[in-house]
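Each chain, letter by letter, is given below.
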Amino acid sequence: MTEYRKAEEAVKAVSAGVALVAVSKFHPYEAVMEAYAEGARIFGENRVQEMREKFPPKDARPDGMKVFLIGQLQRNKVKKAIEWADRIESVDSIPLLQKIEAECEALDATMEILFEFNSSGEEQKSGFRTGGELLDAARLAISSCPRVSVAGVMTVGPLGYDESANERAFRSTAALFSELRAIIPSASVLSMGMSADWRTAIACGSNEVRIGTAIFGERDYGR
Ligand SMILES: *Cc1c(COP(=O)(O)O)cnc(C)c1O
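Predicted, not measured: the structure shown is a model, and the values here were computed from it. (Residues numbered from 1 in each chain as written. Predicted model: local features only at pLDDT ≥ 70, side-chain atom pairs only at ≥ 80, totals over all residues. Heavy atoms only, no water.)

> When you look at the pattern of salt bridges in this model, what are you seeing that I'm missing?
Side chains that differ in charge, positive against negative, can pair when their charged atoms come close. With the rule as written, the count across this model stands at 15 salt bridges. Glu208 is the partner of Arg87 in a salt bridge, and the nearest nitrogen-oxygen pair spans 2.8 Å. Highlighted residues: Arg87 in strand 4 (residues 87–91) and Glu208 in strand 8 (residues 208–211), separated in sequence by 121 residues. In this pair, the class of Arg87 matches that of Glu208, namely buried. (Salt bridge = Lys/Arg side-chain N within 4 Å of Asp/Glu carboxyl O. Helix = DSSP H or I, 4+ residues; strand = E, 2+ residues; numbered from the N terminus. Buried < 20%, exposed > 50% of the residue type's maximum accessible area, 1.4 Å probe, protein only.)

Take a look at the structure:
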């Protein structure tokens, strides 16, 4: 059994209703296709350019293949992101939300997004700094962003693996997700957990894990 299948079985054994995003950043398309052959359908990339160079356009992909953007998105790359991504999971400010709405209108497109929450409070992390700001963005999305559909919340756990710090971050994100659902009842995705901490994340309510290293191996950042 290969790595994608192992990861999928491990996740399903913990909870059947959890989606698995195979994070393929820094790995070539051949690795993507190997995982696809094992059943992977949703892939995660954190840079727009890498996503566009690696994956075919939306209408030319193998059956069912989707790509989610999970990394920080600069406003000048929003158009390019909308053209390639099936979902943007890293919306971290109101200006970015508004830019996505404007570019969707220009392209006559729609986009599914997650709001990213900085649940660890770490300075170098992206994401809304407070739950209040994230909920303000949700209200704005409802009132004035008809082309954007807010599917839920995403977070990256604290740096390093400290189970109790992870748990705190994930629990606060899960609480925020409930508040989001009071504003947007159709929001259904709580995306938390990576290779090192996905079990903790699922225990805290995650229904989408984003796993890279455990599927594709270590990334070669020098490449
Ligand atoms: C790289 C990345 C992941 C996957 O991390 P692994 O530790 O390799 O599983 C998940 N989410 C985001 C936002 C990432 O940038």
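> For this particular structure, what's the right way to read the environment of Lys80?
Note on placement: Lys80 falls in helix 4 (residues 78–84). On the accessibility criterion, Lys80 (45% relative accessible area) is partly exposed. Every residue in contact with Lys80, bar those within four places of it in the chain, is listed here: Val48 and Arg52. (Contact = heavy atoms within 4.5 Å.)

> It is not clear to me how the site of the ligand should be interpreted in this structure. Could you clarify?
All residues in the neighbourhood of the ligand are listed as Val23, Lys25, Asn46, Ile70, Val156, Met194, Ser195, Arg210, Ile211, Gly212, Thr213 and Arg219. Between a nitrogen atom of the ligand and a side-chain N or O atom of Arg210, the distance comes to 2.9 Å. Coverage of the ligand by the protein chains reaches 89% of its 390 Å² of free accessible surface. When its residues are assigned to classes, the shell around the ligand shows five nonpolar, four polar and three charged. (Near = heavy atom within 4 Å. Polar contact = N/O pair within 3.5 Å; in protein donor to acceptor, adjacent residues only side chain to side chain. Areas by Shrake-Rupley, 256 points an atom, 1.4 Å probe, with all protein chains shown as cover. Nonpolar A, V, L, I, M, F, W, Y, C, P; charged D, E, K, R; others polar.)

> Explanation requested: the side chain of Glu103 in the structure shown.
Looking at where Glu103 falls in the secondary structure, it is placed in helix 5 (residues 94–107). We classify Glu103 as buried; its relative accessible area is 16%. Dropping the residues within four chain positions of it, Glu103 is found in contact with Val78, Lys79 and Ile82.

> Looking at this model, I keep getting lost on the pairing of strand 4. Mind explaining?
A regular strand places its side chains so that they alternate between the two faces of the sheet. Within strand 4, five of the five residues are buried, which leaves the element mostly enclosed by the surrounding structure. As judged from the three bridges shared by strand 4 and strand 5 (residues 111–117), these two strands associate in the parallel manner. Pairing of Arg87 across the sheet is with Glu112, part of strand 5. At this point the chain moves from strand 4, through helix 5, to the parallel strand 5, and the crossover so formed is right-handed. (Pairing = 2+ DSSP bridges. Right-handed = clockwise from strand over helix to strand, strands pointing away.)

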